[in-house]
Amino acid sequence: NAGVTQTPKFRVLKTGQSMTLLCAQDMNHEYMYWYRQDPGMGLRLIHYSVGEGTTAKGEVPDGYNVSRLKKQNFLLGLESAAPSQTSVYFCASIKDHTDTQYFGPGTRLTVL
Amino acid sequence: DQQVKQNSPSLSVQEGRISILNCDYTNSMFDYFLWYKKYPAEGPTFLISISSIKDKNEDGRFTVFLNKSAKHLSLHIVPSQPGDSAVYFCAASPINTGFQKLVFGTGTRLLVSP
């Protein structure tokens, strides 16, 4: 099992550009999450999904959209990137609410 | 408003000694607590957890203590090893929502020196 993988690992964008971050898991997990980690802020929840075809807002959803068309994939989109979105993005998945979250290796995004 | 707080950004300990990492929370709805460990350029990995019906959980060198009345938990690592050097995140969730929605602390960087 590859576990949770994230694509790409690094990306530099200019303000106003768009991009999509891909998270994939091969553990047949129901729930998937997107977090961002900023210095001194810990991990903050952006969006999450409790199953294929569902999405919900987390703590800091503004400027992001997500989709879960397939159970194994959770996409995070930035329609018009801003410097405030410079961060490290982590995806996580979980079998059910009694399980522990498995994290991907992260995507480091810089918006100039 | 920071619902989960780790007031010590860093901690230095000598190999073989005890490391104690602390975490405070404010939301009384939290009833499931976890510690994650993170190495540079990697995602967090689960270390140990505790539910609110317990006050202690042990796993090898790692023990988590929960004091519900003080809304405080701590992670003890005994004995500390250089490979334990990492950032440790405390996280909390209300488990009765039917899904897990973690709130993370800001992390404590642990350095274990030989």
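Residues numbered from 1 in each chain as written. Chains lettered and ligands numbered in written order. Predicted model: local features only at pLDDT ≥ 70, side-chain atom pairs only at ≥ 80, totals over all residues. Heavy atoms only, no water.

Novice: Would you take a moment to explain the packing of aromatic side chains for this structure?
Specialist: To describe a pair of aromatic rings, you give the distance between the ring centres and the angle between the ring planes. Counted according to the given criterion, the structure contains 12 aromatic pairs over all chains. Taken together, a centroid distance of 5.5 Å and an interplanar angle of 85° make the contact between Tyr35(A) and Phe104(B) edge-to-face. Taken together, the positions of Tyr35(A) in strand E4 (residues 31-38) and Phe104(B) in strand E10 (residues 103-104) put the pair across two chains. One exposure class covers both Tyr35(A) and Phe104(B), and it is buried. Each ring, one from Phe103(A) and one from Tyr36(B), has its centre 5.5 Å from the other, and the planes form 85°; the classification is edge-to-face. Highlighted residues: Phe103(A) in strand E10 (residues 102-103) and Tyr36(B) in strand E4 (residues 32-38), drawn from two different chains. Members of the aromatic cluster, connected to one another through ring pairs, are Tyr33(A), Tyr35(A), Tyr48(A), Phe103(A), Tyr36(B), Phe46(B), Phe89(B) and Phe104(B). (Phe/Tyr/Trp six-rings, centres within 6.5 Å; stacked < 30°, edge-to-face > 60°. Helix = DSSP H or I, 4+ residues; strand = E, 2+ residues; numbered from the N terminus. Buried < 20%, exposed > 50% of the residue type's maximum accessible area, 1.4 Å probe, protein only.)

Novice: Mind showing me how you'd approach the side chain of Gln6(B) here?
Specialist: Residue and element names in this part refer to chain B. Relative to the assigned elements, Gln6 resides in the loop between strand E1 (4-5) and strand E2 (10-14). Given a relative accessible area of 5%, Gln6 falls into the buried group. From its side chain, Gln6 meets the backbone oxygen of Tyr88 in a polar contact 3.0 Å long. (Polar contact = N/O pair within 3.5 Å; in protein donor to acceptor, adjacent residues only side chain to side chain.)

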